[in-house]
Amino acid sequence: MIWRLILISALPLILVGFDVGLVSAAIRGMRLELELTELQESIAASATYIVGAFGGLYCGHLADRYGRRNSVLIAVSLVVVGTFVAASSPGPICVVLGRSILGLGCGLLQAVTPILLAEIAPASKRGFSVACAEVMITGGNVLGAFVGFIFCESKGGWRSMFLMNSLAGVALLVFFYLQLPESPRWIAARGKTTEALALLIQWHVSNGTPSKQAEAEARTALNMQSERKNGTEVAGQRDAWREVICTPDPAIRRMMLAGLGVAFFSQACGSDLAIVYSSEILSPERSNRAHLVRAAARAAHSEDHGGRLHGMGGMASMLVAATNKFRSTRTPLHRVHGVVGFAAEMSEFRITMLYSIILAAVQLPVLLGASLFFDKIGRKPFLLFGSMGLAVAHTVVLCGELQSNEVLIGIGLLCVILAANASYAGLTAVLCSEIFPMHVRAKGMALCFCVQQLVMGLIMLAYLPIDDAMPATGPWPILIAVSCVATVFVWFCVPETKGKTLEEIEDMFRAQAAAAGRSRLREGSGPSYGTIKPSS
C-alpha cells in the first residue's frame, strides 16, 4: 500500500515534465501561426519558469494552511486552466497569460510534492520515494517530447499539445481528489493525533513492518513532533518568513545553508546546459571554434592599420575584432537556412524533437537506477560523485572545444547528463524536503525551489553571452571551477541523512549546532554559522 501512495503522490509532476517536453515544439508552432516576434517568443517560453520560481514561494503558506493534499489539488487546477488558456489563445497576450498561470501551478507542484512524499514515506525508503518526483518529471518529459514530435508539423498542432496536457490534468484532478493522501505529520500538527497515528500504523503495517513495531515507530514519530509543538506555535505567531530567512536558531541556519547550497549548486554546476543547449553546442557553426578564433585574430591583426598594433590598446582591439568575427559565424537555430519554407523548417525541427526524445529516454534509466541506491549508499556519496563527475565532464567538453573535436564534445555532454541525473537531479528535492523541521519545512522547501529555478534561469540567460565573450574556451572553465567548489561545499556543509526519520534529522542538526556553540564558547569567539563536520 505504501508504494501505491508514493506513486500516486508523485504522479502530479508528470504534468510538469509533459510541458517541459513539448514546449520547444509548441513555441515553434506558435511563432509560425501567431507571427510572434523574438521578444514575444522569449517571453512566452520563459513566463512559465519565471512565474513558477516566485509562485513556488507561495507554496509555503498554502501548504501550511490548507494542507499538502489540497495544495496539490489547487496546483493541478492551475495547470489545467493555464494550458487551456494557452491552447485557446488568439494572440500573444493570452499565450503569455496562459503560460504564466501554468507556471504558477507547476511551481506549486514542484515545491509541495516532495514535501508530501517526504512526510508519508518511511525513513528507510524516503530517498527513493522523494526521488520519484524527479522520475515522474523525466517520464513526463519523454511523453511531452513524443507528443511534440507527432504534432510539430500539424497546422495548429501546438494547440493540440496544450489541450492534451489540459485534458490529462482534468483526469488526474478527479483521480487525486479521490485517491491522494494527506500528510500524517500535517494532520498531527493540526491536533488530530489519533487520526495521524492510525494512518501511520496502517502504512507501516502495509510496508511489512510487524504491527507492534509499526505502532511503536508511529508513536515515536508523533511524540517527537508533539515535543516541538510549543516551538511551532510560537514560530507561527511570529513572521513566518523571518523565521526561515533571519532565524536566530543556529540549527535552522545550518539547515538553510545546506538546503540552499545544494539547490544553488544543482544548477550553478551547469547540469542543464547539456540538455537545453546541446543542439547549439554541437552545431556545425561551432565545430571549428579554435580555427575560427585564430583566423579572426590574424585578420584583425592584418587589418588594423597594416598591423601597427601596440600596447594594451592594440591587444584589446585585436580581441574585440576576433570576438566579433566569431560572433558573425553563429546562427540562431531558427535561422539556420535563412528563408525556408514551413514544411522544410518543420521537417528539420522534427529531427530535433527526435533527438530530445532520445536524450530524455537516456536520463530516465540513469535517474531511476541511481534513486534505488539513495537509501542504501546514502545522499552524500552521490552528491560528491555528481559534483566531481560534473567537473570531469566539463573538462572533457573543454578539451573537445579546444581541439575542435565534436566526438569529444559529445562524450563530455553525455557525461554531464549522466553525472547530473545520478546525483543532483534526484537528490536536490530529497535533501531539501527532509532537512527542515515541520514548522518551516514548506517555506524552506519553497525558498530552495525558488533559488534553484532562478539560478537555472540566470545560467540559461548567461550562457550565450559568456560563450561569445570567451570564444576560445566557452564557459566551461567557469563551470569546472564551480563544480570543484560544490564538491568542497558538499563535503563540509551537507550531512548524511540516510535512514533517519525527519525528527531525527532535526535532532542531528540541533546537536551539531549545540556542539559548535560549546566549542565557540571554549575558544572565546563570537557567534558564527560554522560548518557541518563531514559524516560517514
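Within each chain, residue numbers correspond to sequence positions counted from 1 in written order. Per-residue local features of the predicted model are confined to residues with pLDDT of at least 70, and side-chain atom pairs are confined, for both listing and counting, to 80 or more; whole-chain, interface and lining totals are unaffected and use all residues. Only hydrogens and water are set aside; all other atoms, that is, all heavy atoms of the structure, feed into the side-chain values.

What follows concerns the overall build of the protein. Numbered from the N terminus, helices here are DSSP runs of H or I no shorter than four residues, and strands are runs of E no shorter than two. When its secondary structure is counted, the protein shows 25 helices and 0 strands. Taken across its 536 residues, the protein has 51% of its residues classed as buried. What makes two residues a contact is simply this: any of their non-hydrogen atoms within 4.5 Å. Partitioning the contacts of the protein with sequence separation of at least 6, the portion at a separation of at least 24 is 85%. Note on areas: Shrake-Rupley, 1.4 Å probe, and residue coverage restricted to the protein chains presented here. Split by element, the accessible area of the protein, about 22,900 Å² in all, is 67% carbon and sulfur. Only protein chains enter the accessibility calculation, which uses a 1.4 Å probe. A residue is then buried if its area is under 20% of the maximum for its type, exposed if over 50%, and partly exposed in between.

Here the focus is helix α7 (residues 126-151). One less than the residue count of a helix, multiplied by 1.5 Å, gives the span that helix is expected to have. Counted at 1.5 Å a residue, the expected span for α7 with its 26 residues is 38 Å, and the 38 Å between its end C-alpha atoms agrees. One axis is fitted to the seven residues ending at the residue and one to the seven starting there. The bend at that residue is the angle between these axes. The axis of α7 is deflected most strongly, by about 30 degrees, at C132. Within α7, 20 of the 26 residues are buried, leaving the element largely enclosed by the surrounding structure.

Here the focus is unusual backbone geometry. In this structure, E35 is a non-glycine residue whose phi angle is positive, near 55 degrees. You will see that S404, though not glycine, has its phi angle at about 55 degrees, which is positive. Structurally, S404 can be placed in the loop between α20 (379-403) and α21 (406-421).

What follows is about the side chain of S266. Tracing the sequence through the fold places S266 in helix α14 (residues 250-268). In protein, a polar contact requires one atom able to donate a hydrogen and another able to accept it; more generally it is a pair of N or O atoms within 3.5 Å, and residues adjacent in sequence count only if both atoms are side-chain atoms. In terms of polar contacts, S266 uses its side chain to reach the side chain of Q452, at 3.3 Å. With residues near it in sequence (within four places) discarded, S266 still touches S271, Y424, T428 and Q452.

Attention now moves to the nonpolar core. Across soluble globular proteins, you tend to see nonpolar side chains buried next to one another. Formed by 99 residues in total, the largest nonpolar core has its most connected members in L109, L383 and Y424. Per-element accounting of this core gives the leading share, 11 residues, to helix α6 (residues 92-120). Contacts of Y424, omitting those with residues within four sequence positions, involve V262, F265, S266, L383, G386, S387, L390, A486 and V490. In these notes, a set of buried Ala, Val, Leu, Ile, Met, Phe, Trp, Tyr and Cys residues joined through side-chain atoms within 4.5 Å is what counts as a nonpolar core. Residues L34, A44, M353 and I357 belong to the second largest nonpolar core, which totals 21 residues.

By convention in this document, the label disulfide applies to cysteine sulfur atom pairs within 2.5 Å. Per the counting criterion, the structure on display carries 0 disulfides. Here C432 is not cross-linked by a disulfide; its sulfur's nearest cysteine counterpart is in C448, at 3.8 Å. Taking relative accessible area as the criterion, C432 reaches 1% and is therefore assigned buried.

Our next topic: the pattern of salt bridges. Counted as salt bridges are all cases of a side-chain nitrogen of Lys or Arg within 4 Å of a carboxyl oxygen of Asp or Glu. On inspection of all chains with the given rule, the structure shows 12 salt bridges. In this structure, the salt-bridge partner of R441 is E119, at a minimum N-O distance of 2.7 Å. Of the two residues, R441 sits in helix α23 (residues 438-469) while E119 sits in helix α6, which places them 322 residues apart along the sequence. Assessed through its relative accessible area of 0%, E119 is described here as buried. Among the salt bridges present, the one from E434 reaches R379, with a minimum N-O distance of 3.0 Å. With E434 in helix α22 (residues 424-434) and R379 in helix α20, the pair connects residues that are 55 residues apart, well separated along the chain. When sorted by exposure, E434 lands in the same class as R379, which is buried. Each member of the salt-bridge network shares a partner with another, and the members are D64, R68, E119, R441 and K443.

Our next topic: the environment of I351. By the element assignment, I351 lies in helix α19 (residues 342-371). Separated by 202 residues in the primary sequence, I351 and F149 have C-alpha atoms spaced 8.3 Å apart.

On to the environment of R28. Tracing the backbone shows R28 in helix α2 (residues 14-34). The sequence separation of R28 and C152 amounts to 124 residues, and the corresponding C-alpha distance is 8.2 Å.

Take the packing of α22 against α23 next. Relative orientation of the contacting elements α22 and α23 amounts to 150 degrees, with a least axis distance of 8 Å. One element, α22, and the other, α23, form an angle in the roughly antiparallel class. Judged by the sense of rotation from one axis to the other, the crossing of α22 with α23 is right-handed. Residues T428, A429, C432 and S433 of α22 form the contact with α23, whose participating residues are R441, M445, C448 and Q452. Classification convention: Asp, Glu, Lys, Arg as charged; Ala, Val, Leu, Ile, Met, Phe, Trp, Tyr, Cys, Pro as nonpolar; all other residues, Gly among them, as polar. Its residues assigned to classes, the contact of α22 with α23 shows 4 nonpolar, 3 polar and 1 charged. Here an axis means a line fitted to C-alpha atoms, over the contact stretch when the element is a helix, while the angle between two N-to-C directions is reported on a 0 to 180 degree scale. In these notes the angle categories are as follows: under 35 degrees is roughly parallel, over 145 is roughly antiparallel, 65 to 115 is roughly perpendicular, and the rest is oblique. Left-handed is the label given to a crossing in which the near helix is rotated counterclockwise from the far helix by less than a right angle, and right-handed is the label when the rotation is clockwise.

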